[in-house]
Structures are given as structure tokens and as C-alpha cells.
Amino acid sequence: MEVILKTDVAKLGHKDDIISVKPGYGRNYLIPKGIAILATESARKELAESLKQRAHKLAKIKQDAEELAAKMQGIVLSIGAKASSTGKIFGSVNNIQIAEALKAKGFDIDRKIILVKEESVKELGHYTAVVKLHREVSVDVEFDVVAE
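A. View of the overall build of the protein chain. For the protein chain, the count of helices and strands is 3 helices and 9 strands. Taking 2.2 N^0.38 as the reference for a compact globule, 148 residues should give roughly 15 Å; the C-alpha atoms of the protein chain span a radius of gyration of 20 Å, well beyond that estimate. Seen through its C-alpha atoms, the protein chain measures out along the principal axes to roughly 65 × 35 × 15 Å. Of all intrachain contacts in the protein chain linking residues separated by at least 6 positions in sequence, the fraction that spans at least 24 positions is 50%. Of the roughly 9,700 Å² of accessible surface on the protein chain, a fraction of 51% belongs to carbon and sulfur atoms. Separation of charge centres in the protein chain, based on 24 positive and 21 negative side chains, amounts to 5 Å.

B. A look at the sheet that holds strand S6 (residues 114–116). A sheet is described by the order of its strands in space; here 4 strands give the open sequence S4-S9-S8-S6, paired in mixed fashion. Because the sheet does not close on itself, it has two edges, and the strands there are strand S4 (76–81) and S6. Strand after strand, the sheet turns through a mean of 35° between neighbouring axes, direction not considered. Here S6 pairs with strand S8 (residues 125–132) via 3 bridges, running antiparallel. Looking across to S8, one finds that Val116 is bridged to Ala129.

C. Inspection of the environment of Phe90 at higher detail. Position of Phe90 relative to the elements: it lies in strand S5 (residues 88–93). For the pair Phe90 and Ala70, spaced 20 residues apart in sequence, the C-alpha separation works out to 34 Å. Once you skip the residues sitting within four places of it in the chain, Phe90 turns out to touch Lys82, Ala83 and Ser84.

D. Seen up close, the sheet that holds strand S2 (residues 18–20). Spatially, the 3 strands line up as an open sheet ordered S2-S1-S3, and their pairing is antiparallel. The two strands at the open ends of the sheet, each matched to only one other strand, are S2 and strand S3 (36–38). Adjacent strand axes in the sheet meet at a mean angle of 40° when their direction is disregarded. Across 3 bridges, strand S1 (residues 2–5) lies against S3 in antiparallel orientation. Bridge pairing links Leu5 to Ala36 in S3. Helix-sheet contacts for helix H2 (residues 41–72) involve S1, S2 and S3, and the interaxial angle to S1 is about 30°.

Rules behind the numbers
- Residues numbered from 1 in each chain as written.
- Predicted model: local features only at pLDDT ≥ 70, side-chain atom pairs only at ≥ 80, totals over all residues.
- Heavy atoms only, no water.
- Helix = DSSP H or I, 4+ residues; strand = E, 2+ residues; numbered from the N terminus.
- Rg over C-alpha atoms; globule rule 2.2 N^0.38 Å.
- Contact = heavy atoms within 4.5 Å.
- Areas by Shrake-Rupley, 256 points an atom, 1.4 Å probe, with all protein chains shown as cover.
- Lys, Arg positive; Asp, Glu negative; His and termini not counted.
- Charge placed at Lys NZ, Arg CZ, Asp CG, Glu CD.
- Pairing = 2+ DSSP bridges.
- Axes fitted to C-alpha atoms, helices over the stretch in contact; angles between N-to-C directions.

Right under this line is the structure:
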């Protein structure tokens, strides 16, 4: 079953992508929630026309994302966490704390577009996170977890 996404969905696709999903997932979840519409021939034509009209706006958004990525390049964040004497931290460092550290540096980034490369950050050390600013633009942000 092919559907057209109306919003960005993590690990599935971006807005206006035509994707193939299992029929039950599309019929019972995506379409009733308003996340997607059925990719009929008329819906595809409508999508093509709206993409043609929005091409200039999308180019501007991509350019803004590239400029922000250039500014963020080379940033090293320092995130404090309570730690034991062996270097293990109590809890873990997640994308919320990275977003707060970026906000302190002057970058207002939504926590939902930050992905930590490691499965979980539970020790002191140097790590990398990926910030997806646009579907084609992402930037690696390095951060150090230090003891408070």
C-alpha cells in the first residue's frame, strides 16, 4: 500500500514522501490519525503541483538549514552529570540535555531532531550526536560528559 505522508515521521519518512507501508499500518494507523493519505493518482498529481509551487520556499529553508549547520560545525558541548568515582554516571545523557546545552550556546534546536549515535551515554567521556536540520542537511555535534 502506498501512502503520501502529511507530516515528518521518525524512521519512516518526511512530509510529502510517497512510501510503501503494510496495508494494516496504513489503514488502521497512518490514515485515521491524519499522518498520511492514500496515494491515488489524483493525490499524486496534487502533490506534484504543490511541490512545484513550494520549490522556492523549500530551497530557502534548505539554505537556512545549511547556514545553521555551518555555524554549528565544530561546536563541542560540555554536559555535566553526577558520576561515581569509577566514571559511571547516575542516569544517562539524552537528547534533552544536549538541546539545553545547545540553547545555552545560542542555538534553539528541537530535541526531537537530535540523535545520539551511541545507544546510551552512561559513562564520562567524549561522544557525538547528529542534529538533522533538514532532510538533506545534518551536522555532527560533539559533546563531553564531565563530572559535576
